[in-house]
Amino acid sequence: MKDLKRIEIIDLLQGKADDQIEKEICVKGWVRSKRGNKNIAFIALNDGTIVHNIQVVVELAQFDQDMIKRITTGASLRINGKLVESVGQEQNVEVQATEIEIYGEADPETYPLQKKGHTLEFLREIAHLRPRTNTFGAVFRIRHAMAFAIHKFYNDKRFFYWHSPLITVSDAEGAGEMFQVTTLDLDNIPRTENGKVDYSQDFYGRETSLTVSGQLEGELGALSLGKIYTFGPTFRAENSNTPRHLSEFWMIEPEMAFYELEENMNLAEEFIKYLVSYALENCKDDLEFLQSMYDKELVERLQHVVETDFVRLKYTEAITILEASNQKFEYPISWGVDLQSEHERYLVEKHFKKPVILIDYPKEIKAFYMKENADGKTVRAMDVLFPKIGEIIGGSQREDNMDKLVARMKEVGIDPKDMKWYLDTRRFGSVPHSGFGLGFERLLLFVTGMVNIRDVIPFPRTPKNAEF
Ligand code: 4AD
Ligand code: MG
């Protein structure tokens with residue numbers, strides 16, 4: 001077989017290789033479909049660079065019939081052929097095969113993606129192969145584009161990418177949903193005299209867990225470098241089997257010295273709009289595909305979010321609206337309760353019909369580190385609520401007053417001695433500061449129009465589900 005330089009399918013389809021028209025080129029990829037008649041076969045080939053396939057035309061008479069039979073959906077091919085302008089409507093160019101090598105066959109009897117039109121539920125069962133479908137190719141290309149845009153957004157604004165540890169000793173959110181990290185022998189746990197687990201014999205000489213949030217360590221970065229963001233995996237052992245919860249999810253947590261709540265809200269709104277615009281500009285083909293398959297209003301909804309001002313509303317006002325709504329909620333509503341996603345979605349989808357930033361929540365339902373308002377009852381929290389998702393961002397201005405912070409820790413049962421490292425930020429050169437956390441997969445639910453969070457991460461981790 002002639003050794004020709006391979007051209008990626010996206011370049012062929014987007015006209016970047018038009019100087020090669022009428023010349024022989026090489027394409028490589030996986031067969032999405034093969035059809036035709038006894039003289040000619042049409043192979044739709046995909047290499048993952050773009051949702052569309054290149055059409056390869058095969059004059060059967062020129063090839064070994066046995067080899068042609070072994071080309072089935074899912075097989076991987078190296079093809080040399082002439083690049084020609086296409087007569088078909090679907091694409092501008094196609095390849096007339098001159099030489100074909102099969103890298104790997106895919107037995108049609110056993111290849112799970114032999115047929116089209118599998119449900120998303122079925123594809124979740126074969127999460128190791130689903131990236132080969134158009135849907136998951138589109139979703140994971142968008143996931144990449146959003147990750148790239150996140151770094152670009154913050155780098156352009158002079159934020160520093162800060163790496164908080166994944167193994168920690170603190171429960172930042174105080175929700176007790178930590179996965180323990182240990183090298184102790186679970187069949188033979190060392191115990192102290194009073195019968196407790198003897199963590200002094202554990203790897204770190206103390207009890208440790210996977211982080212639920214990089215925020216507290218992020219604050220140390222912000223109070224020295226000014227503006228930082230984290231972007232990494234976080235882990236929560238909450239037993240919620242919902243379409244919006246993962247036990248391993250990625251979070252972006254910017255933290256800014258000298259920012260108060262208002263500036264925090266401005267940044268959050270600008271950030272989300274930037275990401276959605278970036279997707280609209282850079283992920284057109286994939287968004288159009290997802291729109292045509294799953295969600296007719298996808299692009300319109302994305303455009304709406306970019307163009308509209310988010311509502312900014314106090315928790316107390318939201319409760320008044322919800323109480324006056326005459327809706328039958330599964331969880332009844334009154335001042336002091338935490339909002340459930342049904343309440344959040346009522347506000348966003350029915351009442352305001354646009355994203356809402358809800359602030360000033362009762363302190364009892366929020367984490368210890370949030371700054372108390374003058375009323376003594378509420379804190380400077382902000383949740384950004386989105387159509388179809390509910391909460392997409394949680395954040396706050398932080399309590400920067402040492403005494404108040406220590407008092408609040410004691411109230412919620414945190415021993416200030418255990419967090420000396422954190423309190424040192426308040427002890428030495430404390431400043432007003434703020435930050436928030438964007439759930440990366442929740443953002444992706446919004447941008448892709450997928451409805452189950454398991455479908456926007458390559459290998460979802462949920463209760464009783466960690467196959468790979
Ligand atoms: O509201 P949360 O718990 O806030 C924090 O962790 C703060 N430390 C953030 C900060 O201020 N730096 O989580 C933030 C976001 C949520 O709004 C949601 O989008 C996402 O993280 N999230 C989850 N996403 C998927 N699965 C889960 N189990 C999630 N829990 C939270
Ligand atoms: Mg939250």
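Residues numbered from 1 in each chain as written. Chains lettered and ligands numbered in written order. Predicted model: local features only at pLDDT ≥ 70, side-chain atom pairs only at ≥ 80, totals over all residues. Heavy atoms only, no water.

## Some thoughts on the overall build of the chain
- The number of helices and strands found in the chain is 13 helices and 16 strands.
- Oriented by its inertia axes, the alpha-carbon framework of the chain measures out at about 85 × 55 × 45 Å.
- Out of the 468 residues in the chain, the part that is buried amounts to 52%.
- Within the chain, residue pairs in contact and separated by at least 24 positions form 66% of the contacts whose partners lie at least 6 positions apart.
- Approximately 22,900 Å² of the chain is accessible, and the part contributed by carbon and sulfur atoms is 49%.
- One way to put it: in the chain the 59 positive side-chain charges average out to a point 2 Å from where the 74 negative ones average out. (Helix = DSSP H or I, 4+ residues; strand = E, 2+ residues; numbered from the N terminus. Buried < 20%, exposed > 50% of the residue type's maximum accessible area, 1.4 Å probe, protein only. Contact = heavy atoms within 4.5 Å. Areas by Shrake-Rupley, 256 points an atom, 1.4 Å probe, with all protein chains shown as cover. Lys, Arg positive; Asp, Glu negative; His and termini not counted. Charge placed at Lys NZ, Arg CZ, Asp CG, Glu CD.)

## Structural notes on the layout of surface pockets
- Quantified by volume, the second largest pocket comes out at close to 510 Å³.
- Of all the secondary structure elements, the ones that give two or more residues to the lining of the second largest pocket are strand S1 (24–36), strand S2 (40–46) and strand S3 (54–59).
- Ranked by residues supplied to the lining of the second largest pocket, first place goes to S2 with 3 residues.
- Looking at the lining of the second largest pocket residue by residue, the class counts come to 8 nonpolar, 9 polar and 5 charged. (1 Å grid on protein atoms, 1.4 Å probe; cavity = no way out; pocket = protein on both sides within 12 Å on 5 of 7 lines; lining within 4 Å. Points joined across faces, edges and corners; volume = space filled by probe spheres on them. Nonpolar A, V, L, I, M, F, W, Y, C, P; charged D, E, K, R; others polar.)

## Overview of the pairing of strand S4 (residues 76–85)
- Counting buried residues in S4 gives 8 out of 10 residues, a clear majority hidden from the surface.
- With 7 bridges connecting them, S1 and S4 associate as antiparallel partners. What sits directly across from Ile25, in S4, is Gly81. (Pairing = 2+ DSSP bridges.)

## Remarks on the site of ligand 1
- Glu173, Gln215, Glu238, Glu253 and Glu391 are the nearest of the 24 residues found near ligand 1.
- In this structure, an oxygen atom belonging to ligand 1 sits 3.5 Å away from a main-chain N or O atom of Ile393.
- Contacts to ligand 1 include Arg398, whose side-chain N or O atom sits 2.9 Å from an oxygen atom.
- About the coverage of ligand 1: the protein hides 93% of its 630 Å² of free accessible area. (Near = heavy atom within 4 Å. Polar contact = N/O pair within 3.5 Å; in protein donor to acceptor, adjacent residues only side chain to side chain.)

## Section: the packing of helix H9 (residues 315–323) against helix H10 (residues 341–352)
- For the pair H9 and H10, the least separation of the axes is 11 Å and the interaxial angle reads 75°. Overall, the two elements H9 and H10 adopt an arrangement that is roughly perpendicular. Touching Ala318, Ile321 and Leu322 of H9 are His343, Tyr346, Leu347, His351 and Phe352, all from H10.
- Looking at the contact of H9 with H10 residue by residue, the class counts come to 6 nonpolar, 2 polar and no charged. (Axes fitted to C-alpha atoms, helices over the stretch in contact; angles between N-to-C directions. Parallel < 35°, antiparallel > 145°, perpendicular 65-115°, else oblique.)

## Concerning the environment of His351
- Structurally, the position occupied by His351 is in helix H10.
- With relative accessibility at 38%, the residue His351 sits in the partly exposed group.
- Residues His351 and Leu322 lie 29 residues apart in sequence; the distance between their C-alpha atoms is 9.2 Å.

## Here's the deal with a nonpolar patch on the surface
- Taken together, the side chains of Leu166, Ile167, Phe203 and Tyr204 present a nonpolar region at the surface, about 400 Å² in accessible area.
- Looking at where Leu166 falls in the secondary structure, it is placed in the loop between strand S6 (160–161) and strand S7 (167–168). (Patch = residues over 30% accessible without salt bridge, like charges linked within 9 Å, V, L, I, M, F, W, Y side chains within 5 Å. Salt bridge = Lys/Arg side-chain N within 4 Å of Asp/Glu carboxyl O.)

## Description of the packing of helix H6 (residues 261–282) against helix H8 (residues 298–307)
- Two numbers describe how H6 lies on H8: the axes approach to 9 Å, and their chain directions differ by 140°. One finds that H6 runs oblique with respect to H8. Both H6 and H8 take part in a crossing whose hand is left-handed. Facing H6, whose interface residues are Lys273, Val276, Ser277 and Leu280, H8 presents Val299, Leu302, Gln303, Val305 and Val306.
- Looking at the contact of H6 with H8 residue by residue, the classes come out as 6 nonpolar, 2 polar and 1 charged. (Left-handed = near helix turned anticlockwise from the far one by under 90°.)

## Observations regarding helix H12 (residues 420–427)
- Of all the positions in H12, only Tyr422, Leu423, Thr425 and Arg426 are classed as buried. One side of H12 carries all its buried residues, which in axial view fall inside an arc of 140°.
- Of the surrounding secondary structure, the elements contacted by the buried residues of H12 are helix H5 (215–225), helix H11 (402–412) and strand S16 (433–439).
- Gly429 lies just past H12 and shows a positive phi near 60°. (Arc of directions from axis to C-beta.)

## A look at the domain arrangement of the chain
- Split into domains, the chain comes out as domain 1 (9–104) and domain 2 (130–177 + 212–455).
- Facing 9 residues of domain 1, the contacting portion of domain 2 comprises 7 residues.
- Contact with domain 2 buries surface across domain 1, with Trp30, Arg32 and Val51 losing the most and accounting together for 66% of the total.
- Counting every contact that joins domain 1 to domain 2 gives 0 salt bridges.
- Remark: the boundary between domain 1 and domain 2 carries 3 residue pairs in polar contact (both at pLDDT 80 or more). (Domains from an automatic or database assignment. Buried area = accessible area lost by both parts, 1.4 Å probe.)

## Some words on the environment of Glu323
- With respect to the helices, strands and loops of the structure, Glu323 is situated in helix H9.
- Other than its neighbours up to four places away in sequence, Glu323 contacts Ile333, Ser334 and Trp335.

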